[in-house]
Amino acid sequence: MSLRDELLKSIWHAFTALDVDKSGKVSKSQLKVLSHNLCTVMKIPHDPVALEEHFKDDDEGPVSNQGYMPYLNKFILDKVTGNFDRQDFNKMCWTLSSRKNLDQSKLLISNDDAFKIWCIFNFLSEDRYPLTIVTEEIEYFLRKLTEAMGGSWVEERFEDYKLQLNSKQQSLNAWELISLVGSGHFSKGMDRQTLSMGINEVYQELIMDVLKQGYMMKKGHKRKNWTERWFLLKPNSISYYVGEDLAEKKGDILLDGNCSVEPLQDKEGKKCLFLIKSSHKSFEISASDKKKKQEWIQAIQTCVNLLRQGRPAPHREARQKRRELRLKQQAEQEELELRMSELQTANEAKQQELENMRKALEEAAANAAEEERRRLQTQTELQDRYRTDLEREKMVRQQMEEQVAQKSTELEQYLQRVRELEDMYRQLEDALEDERRARQDEEAVRKLQARLLEEEATKRAELEEFHLRQQLAISETEAEKKELEKERLAKESALQAAMKQLEQLELERQGALEQYQTVMKKLEDATNNTKTWKHKVAEHEGMLRLIQPGSKGQQLITNWGPAAFSDAELSLRQKKWQEMKNQTTQAQ
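Residues numbered from 1 in each chain as written. Predicted model: local features only at pLDDT ≥ 70, side-chain atom pairs only at ≥ 80, totals over all residues. Heavy atoms only, no water.

J.: How would you sum up the nonpolar core? Please name residues and give values.
T.: Membership of the largest hydrophobic core comes to 64 residues, with the highest contact counts inside it found for L38, M42, F141 and I178. Counting residues per element, this core draws most heavily on helix α6 (residues 111–124), at 9 residues. Ignoring any residue separated from it by four or fewer positions in sequence, one finds F141 in contact with I117, I120, L124, L177, V181 and V202. Counting 21 residues, the second largest nonpolar core, distinct from the first, contains C259, A287, W296 and A299. (Core = buried A, V, L, I, M, F, W, Y, C linked by side-chain atoms within 4.5 Å. Buried < 20%, exposed > 50% of the residue type's maximum accessible area, 1.4 Å probe, protein only. Helix = DSSP H or I, 4+ residues; strand = E, 2+ residues; numbered from the N terminus. Contact = heavy atoms within 4.5 Å.)

J.: Describe the sheet that holds strand β8 (residues 249–254), listing the residues and the values that go with them.
T.: As summarised here, the arrangement of the 7 strands in space is β8-β7-β6-β5-β11-β10-β9, forming an open sheet in which the pairing is antiparallel. The open sheet has two edge strands with one neighbour each: β8 and β9 (260–263). Put simply, the sheet's adjacent strands are angled 35° from each other on average, direction ignored. Sheet analysis places β9 next to strand β10 (residues 273–277), joined by 4 bridges and oriented antiparallel. Each bridged residue has a counterpart across the sheet, and for V261 the counterpart in β10 is I276. (Pairing = 2+ DSSP bridges. Axes fitted to C-alpha atoms, helices over the stretch in contact; angles between N-to-C directions.)

J.: Provide a residue-level description of helix α5 (residues 86–101), including the pertinent values.
T.: For α5, built from 16 residues, the straight-helix expectation of 22 Å at 1.5 Å per residue is met to within 8% by its first-to-last C-alpha distance of 22 Å. All buried positions along α5 are accounted for by F89, N90, M92, C93, W94, S97 and S98. Check the buried side of α5 and you find it contacts α1 (3–18), α2 (28–41), α6 and α9 (174–182). Among the residues of α5, the N-terminal cap falls to D85, whose side-chain oxygen and the backbone nitrogen of Q87 are separated by 2.9 Å. (Expected span 1.5 Å × (residues − 1). Polar contact = N/O pair within 3.5 Å; in protein donor to acceptor, adjacent residues only side chain to side chain.)

J.: Just give me the short version of the packing of α1 against α2, but keep the residues and values in it.
T.: Where α1 contacts α2, the axes come no closer than 11 Å and their chain directions differ by 155°. Considering the angle they form, α1 stands roughly antiparallel to α2. The interaxial crossing formed by α1 with α2 has right-handed handedness. The segment α1 lies against α2, with I11, A14, F15 and L18 engaging Q30, L31, L34 and L38. Of the residues belonging to the contact of α1 with α2, the class tally is 7 nonpolar, 1 polar and no charged. (Parallel < 35°, antiparallel > 145°, perpendicular 65-115°, else oblique. Left-handed = near helix turned anticlockwise from the far one by under 90°. Nonpolar A, V, L, I, M, F, W, Y, C, P; charged D, E, K, R; others polar.)

J.: Run through the packing of aromatic side chains, naming residues and quoting values.
T.: Applying the stated criterion across every chain, the model contains 10 aromatic pairs. Their ring planes at 40° and their centres at 5.7 Å tell us that F231 and Y240 sit as a pair that is tilted. As far as burial versus exposure is concerned, F231 and Y240 are alike and both buried. K91 extends its terminal NZ or CZ atom over the ring of F115, reaching a point 4.2 Å from the ring centre. A cation over an aromatic ring shows up here: R322 above the ring of Y140, its NZ or CZ 3.8 Å from the ring centre. (Phe/Tyr/Trp six-rings, centres within 6.5 Å; stacked < 30°, edge-to-face > 60°. Lys NZ or Arg CZ within 6 Å of the ring centre and 35° of its normal.)

Spelled out as structure tokens, the structure:
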């Protein structure tokens, strides 16, 4: 469905809401307001003069919608470029139409949820006006809504609801669909929040083209840090935001046919990594588990394949296929009805032909009787000719009876063909019923497989987390053991160095002690020698007195008397002794 057709559906709702008396006509003043609002939300320059020129011959009364369509196509839809907010456009048309048609007090859903159902109706409705949605699309929408809410689809409940629909109608308008969902008939057991979340999920997929969404970690291009972002996958781009409220957008990853996605090995403490290569950059992404990683890779690869093949989004392609199948079935049904009608017409024609032949036979019999009566009244010379004519009449009658028998055989053959077609139609219905049951069985098996895979993924994640904690504890224990070993070796090394230093100091102390003992021995010898000489001098002092030089200073007085050397000599000896001690210490 083209952009113009999608826009026309919303505009049709707004135009119909302005048609208060349902006459198919709207006043010019209301059309001016509608046109101005459309131009504003679709960012188109508004030309109010064009509307006046278009309806310049009808200034008195209302304006028909057929008259508005040429203006809408020429001055509005032909100028649409697609660079406007589709949601604002739908909101404007919704506001105009919901005021007249929606009774919010009878619904279990909010006005915003009703708006989303209205948009979904426009997406799934047939391209015929007035807009309606057929039972097949109603079942498709309710099935997706039930799956989005986490419930199970009850086929019997929908079959009962289809029986309640009018056998001639077999479809709903937008407000009837909103009432159906808002009444809670197909969401029993679900609270309002769950129903609202389910409606929003279906709206995101079908209207906003969001094929997948969720939190993942993204590696930065400049600081190379990992940040959690909310990702939205659309057919031609991946947008990422700060949170799931979509309040702050951080960037886009544009997809085209040259893009690729591939898994990566775990690194930098991150697991479940994969790489998205676009035309300009490459993005490293980390999913929460292996299942989500595989789902994202498959979803992105599907979008890239669709872009390469020039195909639309999967839900849009599925909608087109369903419509084509309905059109094909409708054409086959119409063809079958046409053939049945042709056979019926042929049968009626054959019956009419047989009736005409019967009347002709009756008329021929009457004529023959009349002729026979006349021949009896004729002269005897005409009897031979009468016999001849009678024989000819018998032959004609025989031929006509043969023709009647042949026509009866042909009629029986036509009736046999009709019965064969009826048998074929019943076989077709049985085949469709078998296909529907097979699809239900396949859906049940698929859900069971999905549940088993999810449980397996959960168990694997728990085992991996337990293994990771064990590895972390072992690595911490090893690190503490290595640190204690290093401290022990350092302390042993310091102890050995201290022991060596102590031994060195002990050797130095012993050397100093030996040197001190040597010096003391020398000093003792010198003292004894001095004492001996002093004694000898004292003994001989009376006998001989040496001529001594004059006193040069105060003599040192010891216990034994005046010393044999002066203070200056003692200082000099002490200095020499100190230098000798220092040299001995340095040598050691």
